[in-house]
Structures are given as structure tokens and as C-alpha cells.
Amino acid sequence: MMDLYPLIATLTIHVLAGVFWAGSTSAMANLGDASAARLFPFQMGSAAMTLATGAGMWWFQLGGSFGLHEQILLVGLVAAVLAAAVQILFVGRTRGALAAASPESQLALVGSMTTGNRAAAGLLMLTVASMMIARFC
């Protein structure tokens, strides 16, 4: 019974952080404005928590097996890591230049951040779908 409490805590943190990360990324992908720059640090904090607790969930539940269930989850894991990398490249690297840019350049920078968030949102939806599909395998 004691092993159940760390599992519940890990799962709760994983789901809450993941929902914030995927939801805010999807919102920024659709809004397409400079607020993505302000939200980015919180998204990356949630991404780190989601990936760390996902690793904990893997350890708690899956151990050393690598069947179809684990392979489907691995697709989601790879998609999540790629989503974080895309956000770092397109949003993280761009947000520093946003304040010093001219109004014309700001539009291009916001466009770049929006593109990155759109790509990351698609990858995070693949991640969510893989978790749902793996549940039934």
C-alpha cells in the first residue's frame, strides 16, 4: 500500500504539468501573439516536470518490459522531447530578441514563435494520443 502513494503523487504531478504544457502550447499556437514569450519559462518548467515524472511513471509501472504498450509510450516520449526542443529553438531563442526588435521585426519574431508553438502543439497531441492508445494495449 505504501508504494501506491508515490505512484499517485507522481501521476498527479505528471498529468497536471502535462495538461498545462499541452494546453498553453495549443493556446499560444492559436493566439499568435507576443505573450508566448512571457509564458515560455512556465511552459518549460512544466515540460521538465512532465518529462521527469513520466520517467518516474515508467520506472514505477513498467520496469524492464518493452512490449507493445511500452513501444507506444516511447513514441509519445519522443514526441514530447521533440516538442520541448522545438519550443526551445523557436520560442526560447526568439523571445530574447523580441524586446529589442523593431516593430517590423517583432512581427517576424512572433510569427516564428507561433510556428514553433504550432509544431510543438502537434507533437504534444501525438504524445497525448499515444498515452491514450497505450492504455488499451
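Each residue is numbered by its place in its chain's sequence as written, counting from 1. In view of the model being predicted, local features appear only for residues whose pLDDT reaches at least 70, and side-chain atom pairs are presented and counted only at 80 or more, with totals across whole chains, interfaces and linings using the full set of residues. By convention in this description, side-chain values take in all heavy atoms of the structure and omit both hydrogens and water.

## A word on a nonpolar patch on the surface
Point 1. Patches in this entry comprise residues that are over 30% relatively accessible and not in a salt bridge; like charges within 9 Å are linked, as are nonpolar side chains (Val, Leu, Ile, Met, Phe, Trp, Tyr) within 5 Å. Computed with a 1.4 Å probe, the accessible areas rest on the Shrake-Rupley method; for each residue, only the protein chains presented here act as cover. Every case where a carboxyl oxygen of Asp or Glu lies within 4 Å of a side-chain nitrogen of Lys or Arg is listed as a salt bridge. There is a patch of nonpolar side chains on the surface, built from Phe66, Leu74, Leu77, Val78, Val81 and Leu82 and spanning about 490 Å² of accessible area.
Point 2. Mapped onto the elements, Leu82 comes out in helix H3 (residues 68-98).
Point 3. The buried label goes to any residue with under 20% of its type's maximum accessible area, the exposed label to any with over 50%, and the partly exposed label to all in between, with areas taken from a 1.4 Å probe on protein chains only. Using a relative accessible area of 44% as the deciding quantity, one classes Leu82 as partly exposed. For helices the rule is a DSSP run of H or I covering at least 4 residues; for strands it is a run of E covering at least 2, with both sets numbered from the N terminus onward.

## Here's the deal with helix H1 (residues 4-31)
Point 1. By this rule, a helix spans an expected 1.5 Å times one less than how many residues it contains. Counted at 1.5 Å a residue, the expected span for H1 with its 28 residues is 40 Å, and the 40 Å between its end C-alpha atoms agrees.
Point 2. Listed as buried for H1 are Thr10, His14, Ala17, Gly18, Trp21, Ala22, Ser24, Thr25, Met28 and Ala29.
Point 3. Gly32, located one to two residues past H1, shows a positive phi value of around 60°.

## What to know about the packing of H3 against helix H4 (residues 103-135)
Point 1. The axes used here are C-alpha line fits, helices contributing only the stretch in contact, and every angle between their N-to-C directions lies in the interval 0 to 180 degrees. At a minimum axis separation of 8 Å, H3 and H4 run at an interaxial angle of 165°. Put simply, H3 runs roughly antiparallel to H4. You can see that H3 and H4 cross each other, and the crossing is left-handed.
Point 2. We call Asp, Glu, Lys and Arg charged. Ala, Val, Leu, Ile, Met, Phe, Trp, Tyr, Cys and Pro are nonpolar, and the rest, Gly among them, are polar. The residue inventory of the contact of H3 with H4, partitioned by class, reads 23 nonpolar, eleven polar and two charged. To sort the angles, those under 35 degrees are grouped as roughly parallel, those over 145 as roughly antiparallel, those from 65 to 115 as roughly perpendicular, and the leftovers as oblique. Should the near helix be turned anticlockwise from the far one by less than a right angle, the crossing is left-handed, and should it be turned clockwise, the crossing is right-handed.

## Here we look at the nonpolar core
Point 1. With 20 residues, the main nonpolar core has Trp21, Met44, Ala83, Leu98, Met113 and Leu124 as its most contacted residues.
Point 2. Of all the secondary-structure elements, those providing two or more residues to this core are H1, helix H2 (35-62), H3 and H4.
Point 3. Looking at which element gives the most residues to this core, the answer is H3, with six residues.
Point 4. When checking whether two residues touch, look at their non-hydrogen atoms; a contact exists if any pair is within 4.5 Å. Apart from the residues within four sequence positions on either side, Ala83 is in contact with Trp21, Ala120, Leu123 and Leu124. The definition of a nonpolar core used throughout is a set of buried Ala, Val, Leu, Ile, Met, Phe, Trp, Tyr and Cys residues joined through side-chain atoms within 4.5 Å.

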